[in-house]
Amino acid sequence: MHLRIGLVLLLLVLLAAPGAVAAGPDVVIYSGRSKSLVAPLIVQLQRETGLKVEVRYGKTAALALTLQEEGARSPADLYWAQDAGALATLSRKGLLARLPEALLARVPAELRGAQGTWVGTSGRARVLAYSTRRIKPEELPKSVFDLTAPKWKGRVGWAPMNASFQAFVTAMRIHHGDEKTLAWLRAMKENGAKAYPKNTPILQALAAGEIDLGLPNHYYLLRFKAADKNFPVAQTTFAKGDIGNLLNVAGAGILKSSKRKEAAQRCLAFLLSPKAQQYFTSSVFEYPVIEGVIPNPSLLPLRQLREQAAPVDLGKLDGLPATLKMLREAGLL
Amino acid sequence: MPARAWPAVLCGLLVTLGVGGPVVYLLIRALGADAGQAADLLLRKRTFVLLGNTVLLGAAVLLGSTLLAFPYAWLTTRTELRGRKLLTVLGTLPLAIPGYVLAFVWLSLGGDYGLGAHVLGVRLWRPSGFWGAAFVLTLYTFPYLFLNLRAGLQRLDPALEEAAAAQGLGRWAVWRRVVLPQLRPAYLAGALLVLLHVIADFAVVSLMRYETLSSAVYSQYVAALDRTYGALLALVLVALAALLLVVDARWLRGRLSEALTLGGVRRARNVPLGRWREPAYAFAVGVPLLALALPVTVLVVWMTRGTGASMMVSGSFGGALLNSVGVALGVALLAPAITFPLLYASLRGRGWLARLGERIPYLGFGIPPMAFGLALVFLSVRLLPGVYQTLGLLVAALTIRFMAEAAGPLRSALYRLPPALEEAARSLGCGTLSVLRRVTGPLLWRGVAAAMALVFLASVKELPLTLILAPLGFDTLATNVWTYTEEALFAQAAPYALAIVGVAGLFVTGLVLKEDKWA
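Residues numbered from 1 in each chain as written. Chains lettered and ligands numbered in written order. Predicted model: local features only at pLDDT ≥ 70, side-chain atom pairs only at ≥ 80, totals over all residues. Heavy atoms only, no water.

Asker: It is not clear to me how the interface of chain A and chain B should be interpreted in this structure. Could you clarify?
Answerer: The figure often quoted for interface size is the accessible area lost as the parts come together. Residue-level contacts link 70 residues of chain A with 70 residues of chain B. Both faces considered, chain A and chain B share a buried interface measuring about 5,800 Å² in area, 60% of it formed by carbon and sulfur atoms. Where chain A touches chain B, the interface holds eight salt bridges. The shortest N-O distance in the salt bridge between B:Asp475 and A:Lys35 comes to 2.9 Å. Counting every contact that joins chain A to chain B gives 28 residue pairs in polar contact (both at pLDDT 80 or more). Sorting elements by how many residues they give to the side of chain A that touches chain B places helix H3 (residues 60-70) of chain A first, with eight residues. Class assignment of the residues belonging to the side of chain A that touches chain B gives a composition of 39 nonpolar, 16 polar and 15 charged. (Contact = heavy atoms within 4.5 Å. Buried area = accessible area lost by both parts, 1.4 Å probe. Salt bridge = Lys/Arg side-chain N within 4 Å of Asp/Glu carboxyl O. Polar contact = N/O pair within 3.5 Å; in protein donor to acceptor, adjacent residues only side chain to side chain. Helix = DSSP H or I, 4+ residues; strand = E, 2+ residues; numbered from the N terminus. Nonpolar A, V, L, I, M, F, W, Y, C, P; charged D, E, K, R; others polar.)

This is the structure in structure tokens:
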């Protein structure tokens, strides 16, 4: 009896399996941006453009690897990544198509790829986060280079495996040269910097008292604060022009293999529209990449941030392989 | 035999293709590596440090889970302890909580600002490093051992123990000389899963800031977005898993014939606990409290905190639930179904092919999930483009990957099945299906149930393969947990995580309740 039911169920599963392919969508997006953040935006995108959009949500890195394996046969049209590094890698491997000038022109030159294959869709800042219980604002280091001082031994948390952190290291290499960067990485390790797998655990560790300073992206704290006003962590920037104040982007590009490039361009245009940009800053706590968006009052104003930031051209942040080699050399990866 | 061999041959071929394909893919990718660069990457001090860390952690987790699982399995099968069925279900369910969620739970309990400090006013230990990783992984993986040992204990023939006791052996001597040797296959099956899990784990160790070899694999794949050297390092992990499989097979060999006693097992007498009553209850309640009740409580606290609880209701909760249950049910039926004929033929057969057939289901579990997923992308896009991004491919992938979870309990059950019994049934005129239904089935049912439970738990929380291989727009409870956790939205992640535990609980309860009908 049970056996028969089991066999019937088995058969059903097998039969139902291939039937899952429905009528084709107009555009397929591979999104490394979390569904929890961008799903409402996708709904709006479909409404505004009238396109039927299917999204494959995943990890930015896994999607980039999947795209490489799929190659010319990829079902994807648009790749939306959490960080510029993944876009630059795919661009270097020749998987991304050049975008039309009209799209590129919407975004400032330093927030898009040098080859014109990807644009930033929202900005995120590297910040200095600190425990409000154990650190007084006047004690805070003025430069990311001060973190190697004996005073901070064992008190700093970072995320060497994280793409945003690696972009920051690349920026440091461009700005200060390889020698100084490697020396800094080594000194940090020497000084007992604690390595977390990503940003969220850095903030939790700050609250828990495991570390006193951390180097995360800016928006995670805002989410912790939204859930708990008393969360005992604050964040700030380093002194003006310090490389620790990098402005980074999440961005998107269109696959060379796409047969629906026009539709994909319309999607990308929507992501750069004032409506979408407003959503990024108001709901996702990120920075808009176009002008004319009402700032989120809980964020440091973009203008001020850009004044604070070291002048680094994100389009040139293509030095990922060399950065990784350096991180390995420093014993961090 | 030949007339009955075709299901085994067919399953053997499918399994070999399923496991061999990804290994071939890894070899293809790794061959693209530049020798000098490969040497730089592999032959540095760090690789050996990480290898040492992996071995050390594996040993610690195995020791810890043995200390938990052995008494727990014995208490819930052989004693007069009340609530044995409930405790069985509770002792299984820690496997339903995704590893990284469990790590986040423990991280959020300790420290200055942890739940311990908030609720109890006490600063609790915040696990990290080697001890943190060993602690969390032990609580997470001991059910592998527990379920295998339980299936083993239930199949023991009490007559042997009674005979030994009648010969004048004391209780401990009976254990050491009669029970433990018979439990060896079950123990090794569970231990193998625990160790393979530790080798493959990245989520827990990375959150505990302890680096193992899998950290090296992930840093190639995730940080460098590099398929070539990622594959090379993945092969190192596969080799480590293969080595473990060979060693495990050596320990097993020679024990098999000893383990084969006549079937028709009668239930063992329930041992009275006597003065061990209180400690026994404390242990039997304490383990699920620590491994299950505590994490679930934390999840509930997360859910009630934060402002975004309404988001989850508006989301695709029902759809995700259905998708998760559908996939997990399919895999829980398929994985044991495909593993069984293979093991059956291997245990009855002789020679290297039989030995290989018995080992190969485990190898799918030894391939790092990221590499496994990319392999299936590579293979299906090139060879079978029609199945790429279909539900069928996802179910097939999970089936191959989780055969290892089914193999242990099935193997334990098969050891207890004397060929003479089937032959007797056959000589009395039973057909193949009839033998299966009336003779083999009832004797194997407990093993099959344990196998299905393990596979269901693994599938319902599975994340990396689902993310890479699922059809477009297909989301599960596990992908929802991940998408919220990733953005530090723990309040929104919690209901999905609780739903996973709930669904798993229902499934395992159903299996445990069914046991009596068969036994």
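Let us keep going from here.
Asker: Help me out: how do you make sense of the packing of helix H7 (residues 129-155) of chain B against helix H9 (residues 171-200) of chain B in this one?
Answerer: Helices that pack against each other are described as a pair by the angle of their axes relative to one another and the distance between those axes. Residues and elements named next belong to chain B. Two elements in contact, H7 and H9, have axes whose closest approach is 8 Å; the angle formed by their N-to-C orientations is 150 degrees. One finds that H7 runs roughly antiparallel with respect to H9. Once H7 is placed against H9, the crossing between them reads as right-handed. Of H9, the residues touching H7 (which contributes Leu137, Tyr140, Thr141, Tyr144, Leu145, Asn148, Leu149, Gly152 and Leu153) are Val179, Leu183, Ala186, Tyr187, Ala189, Gly190, Ala191, Leu193, Val194, His197 and Val198. Looking at side-chain class alone, the contact of H7 with H9 contains 15 nonpolar, five polar and no charged residues. (Axes fitted to C-alpha atoms, helices over the stretch in contact; angles between N-to-C directions. Parallel < 35°, antiparallel > 145°, perpendicular 65-115°, else oblique. Left-handed = near helix turned anticlockwise from the far one by under 90°.)

Asker: What is the right way to look at a nonpolar patch on the surface in this model?
Answerer: On the surface, B:Trp6, B:Leu10 and B:Leu14 cluster together to form a nonpolar patch covering roughly 350 Å² of accessible area. As for its placement among the helices and strands, B:Trp6 is situated in helix H1 (residues 6-31). (Patch = residues over 30% accessible without salt bridge, like charges linked within 9 Å, V, L, I, M, F, W, Y side chains within 5 Å. Areas by Shrake-Rupley, 256 points an atom, 1.4 Å probe, with all protein chains shown as cover.)

Asker: Would you explain the sheet that holds strand S5 (residues 128-131) of chain A in this entry?
Answerer: Adjacent strands of a sheet form backbone hydrogen bonds with each other and so pair up, either parallel or antiparallel. All names here are of chain A. Strands sit in the order S7-S6-S8-S5-S9 across an open sheet of five strands; the sheet is mixed. Among the strands making up the open sheet, the edge pair consists of strand S7 (194-195) and strand S9 (233-236). Across two bridges, strand S6 (residues 156-158) lies against strand S8 (residues 213-214) in parallel orientation. Paired with Val156 across the bridge in S8 is Leu213. Where helix H8 (residues 199-208) meets the sheet, it contacts S5, S6, S8 and S9, and its direction lies at approximately 30 degrees from that of S5. (Pairing = 2+ DSSP bridges.)

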